[in-house]
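Okay, here's what each chain looks like letter by letter:
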Amino acid sequence: MSSLLKISVSLCLFFLQFAASGEIPYGIPAGAAEAGMAYACVTKDGFGSSFHNQALLAFNNSFSFGTTYMDRFGISELSTRTAALIIPAGKASVAAGYSGFGYRDYRRDAAAIACGMKLAGKIAAGVQADYFTVRTYGEYNNSSYITFEAGVIIIPSDRTRIGIHVFNPVPNSLRKEKLPSSVTTGAGIILSKDLFAGAEVSISTGKKMELCTGCEYEVMKDLRLRTGFATGNNSFCFGTGYRFRAACLDIGFATHDRLGVTSSLTLIINIK
């Protein structure tokens, strides 16, 4: 009876997290700054954004390390812990990340290696290799997946960007178990030196099309306010970030129309 209870709880947690996240339940989650903008970050420079569109790694010019803790609805079993590293390498930047979700009887881990670089003209591109493992209660309930994702940034002008990102563009006919896929297209505009706004559309396997919009405003030096909206779960988002010398602390909140609030906290260290 105890075993059946553990299996049932694990399955409930998986599907609750899938429905609550508003994202494909795989990969390296973006940071608190991106959460505060409803994850409308496919064209926006940023540490977490670089794992939503690897082409953004091309604009990184500092050694960076970051860690994020995401608390879904105050339920510890649904929390996600993330650590990532970005290293500039000449005309390109390379990155590595790890993410862990769940608890003892249901756990999902993700590891990634990525690279982004500027190409000819005003175009940048990036690619990332992903390795996922899922462990559930029982001796034979473990599985693993390998896939990749890639992104492109096009810069029509100094103030505008267009971004495209694909996740798992591999036919499921080549796999023993199915893995969801997604395509995201977005645009970003710098309205002033202090204000950025972005919007994007995502299509994922088995889900309706989702629209995300967000903006970031630097109200004073090193202090930024963020807000956004995502149609997936009618999610209103907001957050703030403060930079002190080499350190940056971001806090983000995302609401769910039925389940409550997800909060995120990110600490980033940048070394020029």
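All residue numbers refer to positions counted from 1 along the written sequence of the respective chain. Given that the model is predicted, a residue must reach a pLDDT of at least 70 before its local features are reported, and side-chain atom pairs must reach 80 or more before they are shown or counted; all residues, however, enter totals for whole chains, interfaces and linings. Excluded from the side-chain calculations are hydrogens and water; all other atoms, namely the structure's heavy atoms, are used.

## Some remarks on the overall build of the chain
As a reminder, the rule being used: Helical segments are the DSSP runs of H or I of at least four residues, strand segments are the runs of E of at least two, and each set is numbered from the N terminus. Only protein chains enter the accessibility calculation, which uses a 1.4 Å probe; a residue is then buried when its area is under 20% of its type maximum, exposed when over 50%, and partly exposed in between. What makes two residues a contact is simply this: any of their non-hydrogen atoms within 4.5 Å. Accessible areas in this description were obtained via Shrake-Rupley with a 1.4 Å probe; residue shielding takes into account the shown protein chains only.
Each helix and strand in the chain was counted, giving 2 helices and 14 strands. For the chain, with 272 residues in total, the buried portion stands at 45%. Contacts spanning at least 24 positions in sequence make up 44% of the contacts within the chain whose residues lie at least 6 apart. Working note: accessible area of the chain is about 13600 Å², and carbon and sulfur atoms make up 66% of it.

## A short note on the packing of aromatic side chains
To keep it simple, the criterion reads: In this analysis, rings of Phe, Tyr and Trp, with Trp reduced to its six-membered ring, are considered paired at centre separations within 6.5 Å, and the interplanar angle assigns stacked below 30 degrees, edge-to-face beyond 60, and tilted for intermediate values.
Within this structure, the stated rule accounts for 5 aromatic pairs. Arranged with centres 6.2 Å apart and planes meeting at 55°, the rings of F132 and F167 form a pair that is tilted. With F132 in strand β5 (residues 123-136) and F167 in strand β7 (residues 160-167), the pair connects residues that are 35 residues apart, well separated along the chain. A relative accessible area of 5% places F167 in the buried class. Centre to centre, the rings of F238 and F253 are 5.2 Å apart; their planes meet at 25°, and the pair counts as stacked. Here the residue F238 occupies a position in strand β12 (residues 235-244), and F253 occupies one in strand β13 (residues 247-256), the gap between them amounting to 15 residues. Here F238 falls in the partly exposed class, since its relative accessible area comes to 46%. F253 sits in the partly exposed class, given a relative accessible area of 28%.

## Section: the nonpolar core
Worth spelling out the cut-off: Note on terminology: a nonpolar core comprises buried Ala, Val, Leu, Ile, Met, Phe, Trp, Tyr and Cys residues joined through side-chain atoms within 4.5 Å.
F47, F51, I86, A95 and F132 are the most contacted members of the largest nonpolar core, which has 21 residues in total. Of all the secondary-structure elements, those providing two or more residues to this core are β2 (80-89), β3 (92-103), β4 (106-118) and β5. Sequence-distant contacts of I86, that is, excluding residues within four places in its chain, are made with F47, S50, F51, L57, N60, S62, F63, S64, S93, V94 and A95.

## Section: the environment of K272
In this fold, K272 is placed in the segment after β14 (260-271). Once the C-alpha coordinates of K272 and S64 are considered, the two residues, 208 residues apart in sequence, prove to be 8.6 Å apart. Among residues more than four places away in sequence, those in contact with K272 are N61 and S62.

## Here's the deal with a nonpolar patch on the surface
We apply this condition: Patches draw on residues past 30% relative accessible area with no salt bridge. Two like charges within 9 Å are joined, as are two nonpolar side chains (Val, Leu, Ile, Met, Phe, Trp, Tyr) within 5 Å. Any Lys or Arg side-chain nitrogen found within 4 Å of a carboxyl oxygen on Asp or Glu counts as a salt bridge.
Residues F63, F65, I87, V94, L249, I251, L265, L267, I269 and I271 make up a contiguous nonpolar surface patch of about 760 Å² in total accessible area. Secondary structure elements with two or more residues in the nonpolar patch: β1 (63-72), β13 and β14. A per-element tally of the nonpolar patch places β14 first, with 4 residues. Here L249 is to be found in strand β13. In this structure L249 comes out as partly exposed when scored by relative accessible area, which is 40%.

## Points about the confidence of the model for the chain
Operational definition: Every residue carries a pLDDT, the predictor's confidence in it, which falls somewhere between 0 and 100.
Looking at the chain as a whole, its pLDDT mean stands at 85, while 86% of the residues score no less than 70. Taken as a whole, residues 1-24 scores under 50 in pLDDT and shows 43 contacts with residues more than four places along the chain or in a different chain.

## With respect to the pattern of salt bridges
When the charged atoms of two side chains lie near each other, side chains of opposite charge can form a pair. A complete count under the given rule lists 8 salt bridges for this structure. Here E216 and K44 are joined by a salt bridge, their closest N and O atoms 3.5 Å apart. On the criterion of sequence distance, the pair formed by E216 in strand β10 (residues 210-220) and K44 in the loop between α2 (32-35) and β1 is long-range, its members being 172 residues apart. Owing to a relative accessible area of 7%, E216 belongs among the buried residues under this scheme. Put simply, D45 and R161 hold a salt bridge, and the shortest N to O gap is 2.6 Å. Taken together, the positions of D45 in the loop between α2 and β1 and R161 in strand β7 put the pair 116 residues apart, joining distant regions of the chain.

## Looking at the environment of V201
If you trace the backbone, V201 turns up in strand β9 (residues 195-204). As for V201 and A40, which are separated by 161 residues in sequence, their C-alpha atoms are 8.9 Å apart. Leaving out residues up to four positions away in the same chain, V201 has contacts with V183, T184, T185, M209, E210 and L211.

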